[in-house]
Amino acid sequence: ETLAHTSLHQLEGSTRFGRMVRDVLRWTSEKDIEQCVGLVRSRYATPDYSRALANMGFSLVSLLKNKGDFESSVLTVASCGYDASRNGAWVGAIAGGLVGAEKLPDKWRNPVGDTLKLGTALKDFPSNGTFATLAEETCRLGMEIASVFETRVEFDQVPSKITVLDHNPMFIRV
């Protein structure tokens, strides 16, 4: 929730995306999951299932109402329909990132393992072929982006080998 509120400072207030985020934040503080999903569907969904606003709305509802719980968040967003596989993947990545791989349920982690095969489009991406390395590099890049854009976001519990530019301090703890 803190991250969603913090990100609003980077959004234009009058954009449809900014309005959707504000709506979801308000709805999730006042209503249950089913009501929130219904409001996202009625306000932002279109016949095109790939519509970003509806999918992002479903994803935010799932993360916020389930307090970032990995399994509940993934199952909730998958049950919303629309672009359920993509939504489940990114909600799982966020919820998993919040708790860390070691706290993910074995039934979700074990079938995947830690081996990663990069597609040809990512041939120059620095990786030793593990999800752990990919996660570390993604974290480092996220920190770099937050630093460059002066988002004032501080990342907690970052492994010491992941470094960010020293000249852009970050202040708000997420």
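Residues numbered from 1 in each chain as written. Predicted model: local features only at pLDDT ≥ 70, side-chain atom pairs only at ≥ 80, totals over all residues. Heavy atoms only, no water.

Colleague: I would appreciate a short explanation of the overall build of the protein chain in the present structure.
Modeller: Each helix and strand counted, the protein chain has eight helices and two strands in total. In the protein chain, the order of α-helices and β-strands from amino to carboxyl end is α-α-α-α-α-α-α-α-β-β. The buried share of the protein chain, reckoned over its 174 residues, is 32%. Put simply, 39% of the contacts in the protein chain that link residues at least 6 apart link residues at least 24 apart. Counting every atom, the protein chain has about 10800 Å² of accessible surface; 56% of that belongs to carbon and sulfur. (Helix = DSSP H or I, 4+ residues; strand = E, 2+ residues; numbered from the N terminus. Buried < 20%, exposed > 50% of the residue type's maximum accessible area, 1.4 Å probe, protein only. Contact = heavy atoms within 4.5 Å. Areas by Shrake-Rupley, 256 points an atom, 1.4 Å probe, with all protein chains shown as cover.)

Colleague: Teacher, can you tell me more about the packing of helix α2 (residues 16-30) against helix α4 (residues 52-65) here?
Modeller: Pairs of packed helices are described in terms of their axes, by the angle between the two and the distance that separates them. α4 packs onto α2 with a crossing angle of 30° between their chain directions and a minimal axis gap of 10 Å. Classed by the angle they form, the pair α2 and α4 counts as roughly parallel. Handedness of the α2/α4 crossing: right-handed. In this structure, α2 uses Arg16, Phe17, Met20, Val21, Val24, Leu25 and Thr28 to contact α4, whose residues at the interface are Leu53, Met56, Gly57, Leu60, Val61, Leu64 and Lys65. Its residues placed into classes, the contact of α2 with α4 shows 10 nonpolar, two polar and two charged. (Axes fitted to C-alpha atoms, helices over the stretch in contact; angles between N-to-C directions. Parallel < 35°, antiparallel > 145°, perpendicular 65-115°, else oblique. Left-handed = near helix turned anticlockwise from the far one by under 90°. Nonpolar A, V, L, I, M, F, W, Y, C, P; charged D, E, K, R; others polar.)

Colleague: What should I look at first to understand the environment of Asp32 in this one?
Modeller: Relative to the assigned elements, Asp32 resides in the loop between α2 and α3 (33-44). Exposure remark for Asp32: the relative accessible area of 35% places this residue in the partly exposed category. Spatially, the C-alpha atom of Asp32 lies 9.6 Å from that of Val61, the residues being 29 residues apart in sequence. A polar atom in the side chain of Asp32 sits 3.2 Å from the backbone nitrogen of Glu34. (Polar contact = N/O pair within 3.5 Å; in protein donor to acceptor, adjacent residues only side chain to side chain.)

Colleague: I would appreciate a short explanation of the nonpolar core in the present structure.
Modeller: Where a protein is soluble and globular, its nonpolar side chains tend to be buried together. With 23 residues, the main nonpolar core has Met20, Val24, Trp27, Val40, Phe58 and Val61 as its most contacted residues. Mapped by element, the contributors of at least two residues to this core are α2, α3, α4, α5 (70-79) and α6 (84-99). Per-element accounting of this core gives the leading share, seven residues, to α4. Beyond its immediate chain neighbours, meaning those up to four positions away, Val61 contacts Val24, Thr28, Ile33, Cys36, Val37, Val40 and Asn66. (Core = buried A, V, L, I, M, F, W, Y, C linked by side-chain atoms within 4.5 Å.)

Colleague: How do you make sense of unusual backbone geometry when you look at a structure like this?
Modeller: Only a minority of non-glycine residues have a phi that is not negative, and only a minority of peptide bonds are not trans. Residue Tyr82 is not a glycine yet carries a positive backbone phi of 55°. Mapped onto the elements, Tyr82 comes out in the loop between α5 and α6. The class of Tyr82 is partly exposed, set by a relative accessible area of 27%.

Colleague: Where do I start with the side chain of Ser62 in this structure?
Modeller: Tracing the sequence through the fold places Ser62 in helix α4. Looking at Ser62, the relative accessible area reads 0%, which means it is buried. Filtering out sequence-adjacent residues up to four positions away, Ser62 remains in contact with Ser73, Thr76 and Val77.

Colleague: Explain α5 to me, please; I cannot follow it from the model alone.
Modeller: Because an α-helix packs 3.6 residues into every turn, residues spaced three or four apart end up facing the same way. Those residues of α5 that sit buried are Phe70, Ser73, Val74, Thr76 and Val77. Projection of α5 onto a plane perpendicular to its axis shows the buried side chains occupying an angular sector of 165°, all on one side. At the C-terminal side of α5, Gly81 shows a positive phi close to 80°. (Arc of directions from axis to C-beta.)

Colleague: Is there a simple way to think about the packing of aromatic side chains in this case?
Modeller: Each aromatic ring pair is characterised by the separation of its centres together with the angle its planes make. Per the counting criterion, the structure on display carries three aromatic pairs. Measuring from centroid to centroid gives 6.5 Å for Trp27 and Tyr44, while their planes differ by 50°, and the two rings are tilted. Note that Trp27 is positioned in helix α2 and Tyr44 in helix α3, a separation of 17 residues in sequence. For the pair Trp27 and Tyr44, one class covers both residues: buried. (Phe/Tyr/Trp six-rings, centres within 6.5 Å; stacked < 30°, edge-to-face > 60°.)

Read these as geometric descriptors, not functional statements.
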